[in-house]
Amino acid sequence: MKKVGLYFGTFNPIHIGHLIIANHMAEFSDLDEVWFVITPQSPFKVKKSLLDNHHRLRMVEEAIEDNYPKLKASTIEFNLPQPNYTVDTLVHLGEKYGDKYHFSLMMGEDNLKSFHKWKNYEVILEHHDVYVYPRISEGEVNHQFINHPKVHRVAAPIVEISSTFIRKNHKLGKNIKPLLPPKVWTYLDEMNFYR
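Reference entry: report on the structure contained in this document. (Residues numbered from 1 in each chain as written. Predicted model: local features only at pLDDT ≥ 70, side-chain atom pairs only at ≥ 80, totals over all residues. Heavy atoms only, no water.)

**Some thoughts on the sheet that holds strand 4 (residues 101-108)**
Read across the sheet, six strands follow the order 3-2-1-4-5-6 without closing on themselves; strand pairing throughout is parallel. The outermost strands of the open sheet, each flanked by one partner alone, are strand 3 (71-74) and strand 6 (151-153). Across the sheet, the axes of successive neighbouring strands diverge by a mean angle of 30°, strand direction being ignored. Bridge analysis of strand 1 (residues 2-9) against strand 2 (residues 33-38) gives six bridges, and the strand direction is parallel. Across the sheet, residue Gly-9 finds its bridge partner in strand 2, namely Ile-38. Of the strands in this sheet, strand 2 and strand 3 are in contact with helix 2 (residues 53-64), which crosses strand 3 at around 170°. Contacts from helix 3 (residues 86-97) reach strand 1, strand 2 and strand 4, with the element oriented near 155° to strand 4. (Pairing = 2+ DSSP bridges. Helix = DSSP H or I, 4+ residues; strand = E, 2+ residues; numbered from the N terminus. Axes fitted to C-alpha atoms, helices over the stretch in contact; angles between N-to-C directions. Contact = heavy atoms within 4.5 Å.)

Here you go:
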């Protein structure tokens with residue numbers, strides 16, 4: 001059974017920081033693959049800056065298609081009722097692929113600090129592992145997660161690039177091209193996104 005790390009995000013847009021983390025997890029942990037789970041546009045809170053689902057999916061596919069055989073794009077959340085919670089996505093994935101894959105969560109240490117507030121986090125930990133990569137952030141990790149057998153810390157590079165930074169500075173006319181995979185830059189530029 002393949003071990004798959006689920007990397008949730010809007011990927012608006014996907015950037016080299018996302019690829020560095022995902023590739024590191026696929027190559028230097030015991031995960032066999034990493035799936036980018038693209039968070040859909042919520043019908044309850046429409047954000048002007050969030051591109052349509054199909055555009056963000058296309059950019060993820062463009063980013064990984066040539067060099068990353070262990071990385072995949074997942075649209076699993078596109079067809080789930082909104083608002084959706086991670087625990088529900090995990091149940092859905094288990095029903096669909098449970099005989100082929102064992103799913104784990106990937107998250108930055110900043111998210112681990114608030115993990116105890118997630119819906120049914122105890123259920124998640126009962127059935128799934130959590131792979132944590134370092135992030136610079138305020139606050140402390142809840143003591144119950146520090147030596148938890150299901151929480152695995154991976155010494156991935158600390159990457160301080162954000163999609164928000166890219167969108168904001170692209171709009172200001174700054175050169176953000178080095179922060180994006182080449183095909184993502186081409187698509188973003190041709191479609192005139194984030195201007």
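**Things to note about the nonpolar core**
Across soluble globular proteins, nonpolar side chains have a tendency to be buried as a group. In this structure, Tyr-7, Ile-14, Met-25 and Phe-36 are the most contacted members of the largest nonpolar core, which totals 35 residues. Counting residues per element, the ones that place at least two in this core are helix 1 (16-28), strand 2, helix 2, strand 5 (130-133) and helix 8 (182-191). In contact with Tyr-7, other than residues within four places in its own chain, are His-18, Ile-21, Ala-22, Val-34, Trp-35, Phe-36, Val-37, Met-106 and Tyr-133. In terms of nonpolar packing, the next biggest core, distinct from the first, is built from 22 residues, Val-37, Tyr-101, Leu-125 and Val-141 among them. (Core = buried A, V, L, I, M, F, W, Y, C linked by side-chain atoms within 4.5 Å. Buried < 20%, exposed > 50% of the residue type's maximum accessible area, 1.4 Å probe, protein only.)

**Quick word on the environment of His-24**
Positionally, His-24 belongs in helix 1. A relative accessible area of 15% means that His-24 is categorised as buried. Distance from His-24 to Ala-156, taken between C-alpha atoms, is 6.2 Å for residues 132 residues apart in sequence. With residues up to four places along the chain from it excluded, the contact list for His-24 reads Ser-29, Val-154, Ala-155, Ala-156 and Pro-157. Within the structure, the side chain of His-24 is placed 3.4 Å from the backbone oxygen of Ala-155, a separation counted as a polar contact. (Polar contact = N/O pair within 3.5 Å; in protein donor to acceptor, adjacent residues only side chain to side chain.)

**Some points on the pattern of salt bridges**
Close approach of charged atoms lets side chains of opposite charge pair. Applying the stated criterion across every chain, the model contains eleven salt bridges. We note a salt bridge from Asp-66 to Lys-183, for which the minimum N-O separation is 2.9 Å. With Asp-66 in the loop between helix 2 and strand 3 and Lys-183 in helix 8, this pair connects stretches of sequence that are 117 residues apart. What you see here is one network of salt bridges that share partners, running through Lys-2, Glu-33 and Lys-72. (Salt bridge = Lys/Arg side-chain N within 4 Å of Asp/Glu carboxyl O.)

**Observations regarding unusual backbone geometry**
In this structure, the amide linkage connecting Asn-12 to the following residue, Pro-13, adopts the cis form with an omega of 5°. Tracing the sequence through the fold places Pro-13 in the loop between strand 1 and helix 1. For the peptide bond that leads from Gln-82 to Pro-83, omega is -10°, which places it in the cis range. Along the chain, Pro-83 turns up in the loop between strand 3 and helix 3. A positive phi is found at Phe-11, a non-glycine position, where the angle reads about 50°.

**Remarks on the pairing of strand 1**
Sheet topology places strand 1 next to strand 4; six bridges connect them, and they run parallel. Paired with Lys-3 across the two strands is His-102, which belongs to strand 4. What joins strand 1 to strand 2 is helix 1, and the crossover it makes is right-handed. (Right-handed = clockwise from strand over helix to strand, strands pointing away.)

Geometric descriptors of this kind do not, in isolation, establish any biological role.
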